[in-house]
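Observations on the model geometry
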Amino acid sequence: MDAADLEQDLVNVLFTEKQIQDRVGELARDIEVDYSGKDLLMVGILRGAVMVMADMARSFSRHVEMDWMAVSSYGSGTKSSGVVRILKDLDTDISGRHVVIVDEIIDTGLTLSWLTSNLGSRSPASVEICTLLRKPEALQMPIEVKYVGWDIPNEFVVGYGLDYREKYRNLRDIGTLAPHVYS
């Protein structure tokens, strides 16, 4: 689905499909260099990070092992609830492994701060974060993020895995959702 198909639902397009693909490829190359020769596990956060993880994995020139977690702090609204729940845990033992958590967006930082602590308690060699988008103005918890695609304003965005009530995930671009859609 293209942004033109949703013109009335979007205020503007922040990043086009091409810009996203280029940036995800750059992030993959950075990770690949940093973890050359190391036992790397990419942990995608369901459901939003599916697009990022799939495109990132295809950008690697080496084998990459992936696992998935589903955590929730949003419910069906547009703001984080601050309460984190694990809906699906890892299938892989991360002891001694280098772990890169892949998420599509960091909003308040509460979920990833909690998740980083949780995974850190499982004796990995390291835990780092890669996110396509980060909202610095919305951060409520300081969180170290090693790989960031873009910093964006504190607006509600959809597309490329980002949803509002399970819609807009398959939008190829990332855009700001019009307030009339969610108010």
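Right above here is the structure, for reference.
These remarks concern the structure in this document. (Residues numbered from 1 in each chain as written. Predicted model: local features only at pLDDT ≥ 70, side-chain atom pairs only at ≥ 80, totals over all residues. Heavy atoms only, no water.)

1. Overview of the overall build of the chain
For clarity, the cut-off: To qualify as a helix, a DSSP run of H or I must reach at least 4 residues; to qualify as a strand, a run of E must reach at least 2; elements of each kind are numbered from the N terminus. In what follows, a contact means two residues having at least one pair of non-hydrogen atoms within 4.5 Å. Here, Shrake-Rupley sampling with a 1.4 Å probe gives the accessible areas, and only protein chains in the shown set may cover a residue. Charge counting treats Lys and Arg as positive and Asp and Glu as negative, with His and both chain ends excluded. Charge positions are represented by NZ for Lys, CZ for Arg, CG for Asp and CD for Glu.
Scanning the chain from N- to C-terminus turns up four helices and nine strands. In the chain, the succession of helices and strands from N to C terminus is β-α-β-α-β-β-β-α-β-β-β-β-α. Dimensions of the chain, computed from the C-alpha atoms along their principal axes, are close to 50 × 35 × 25 Å. Across the chain, every contact between residues at least 6 apart in sequence was considered, and the portion connecting residues at least 24 apart equals 65%. Of the roughly 9000 Å² of accessible surface on the chain, 47% is carried by carbon and sulfur atoms. Side-chain charges of the chain comprise 19 positive and 28 negative groups, with the mean position of each set lying 3 Å from the other.

2. With respect to the sheet that holds strand 1 (residues 10-15)
Quick note on the threshold: Pairing between strands is defined by DSSP: at least two bridges between them are needed.
Strand order in this open sheet of three strands is 1-9-8, and the pairing throughout is antiparallel. Sheet topology places strand 1 and strand 8 (157-158) at the edges, where each strand pairs with a single neighbour. As judged from the four bridges shared by strand 1 and strand 9 (residues 174-177), these two strands associate in the antiparallel manner. For Leu10, the partnering residue across the bridge sits in strand 9 and is Leu177.

3. Considerations on unusual backbone geometry
Residues Leu46 and Arg47 are joined by a peptide bond in cis, for which omega reads -5°. Position of Arg47 among the secondary structure elements: in the loop between strand 2 (40-46) and helix 2 (50-59). If you check the backbone angles, Ser123 has positive phi at about 60° while not being a glycine. As for its position among the elements, Ser123 is in the loop between helix 3 (110-120) and strand 6 (126-134). Although it is not a glycine, Tyr160 sits at a positive phi angle of roughly 50°.

4. Description of the environment of Leu119
You can see Leu119 is positioned in helix 3. Taking the C-alpha atoms as reference, Leu119 lies 8.1 Å from Ile94; in sequence the two are 25 residues apart. When near neighbours in sequence (up to four residues on either side) are disregarded, Leu119 contacts Met69, Leu90, Ile94, Val99, Ile101, Pro124 and Val127.

5. Digging into the nonpolar core
Put simply, the rule is: Buried residues of nine kinds, namely Ala, Val, Leu, Ile, Met, Phe, Trp, Tyr and Cys, make up a nonpolar core once their side-chain atoms join them within 4.5 Å. Buried residues are those whose accessible area, probed at 1.4 Å on protein chains only, stays under 20% of the maximum for their type, while exposed residues exceed 50% and partly exposed ones sit between those limits.
The biggest cluster of nonpolar side chains holds 26 residues, and the ones touching the most others in it are Ile31, Met42, Met56, Leu132, Leu133 and Ile174. Only helix 1 (17-34), strand 2, helix 2, strand 5 (98-106), strand 6 and strand 7 (147-151) provide two or more residues apiece to this core. The dominant element in this core, judged by the number of residues it contributes, is helix 1, at five residues. Apart from residues lying up to four places away in sequence, Leu133 is in contact with Phe15, Glu104, Ile105, Ile106, Trp150, Ile152, Val157, Leu162 and Ile174. By size, the runner-up hydrophobic cluster in this structure holds 19 residues, among which are Leu115, Leu119, Val145 and Val148.

6. Details of the sheet that holds strand 3 (residues 65-72)
In any sheet, the strands associate via hydrogen bonds between backbone groups, in a parallel or an antiparallel arrangement. Counted only if it meets this: Geometry is summarised by axes, namely lines fitted to C-alpha atoms with helices restricted to the contacting stretch, and by angles between N-to-C directions that run from 0 to 180 degrees.
The strand order across the open sheet built from six strands is 4-3-2-5-6-7, with neighbouring strands paired in mixed fashion. Lying at the two open borders of the sheet, with one neighbouring strand each, are strand 4 (85-88) and strand 7. Adjacent strand axes in the sheet meet at a mean angle of 30° when their direction is disregarded. When strand 2 meets strand 5, the two strands line up parallel, connected through five bridges. Following the sheet pairing, Leu41 is matched in strand 5 by Val99. In this fold helix 3 packs onto strand 2, strand 3, strand 4, strand 5 and strand 6, with an angle of close to 165° to the strand it touches most, strand 5.

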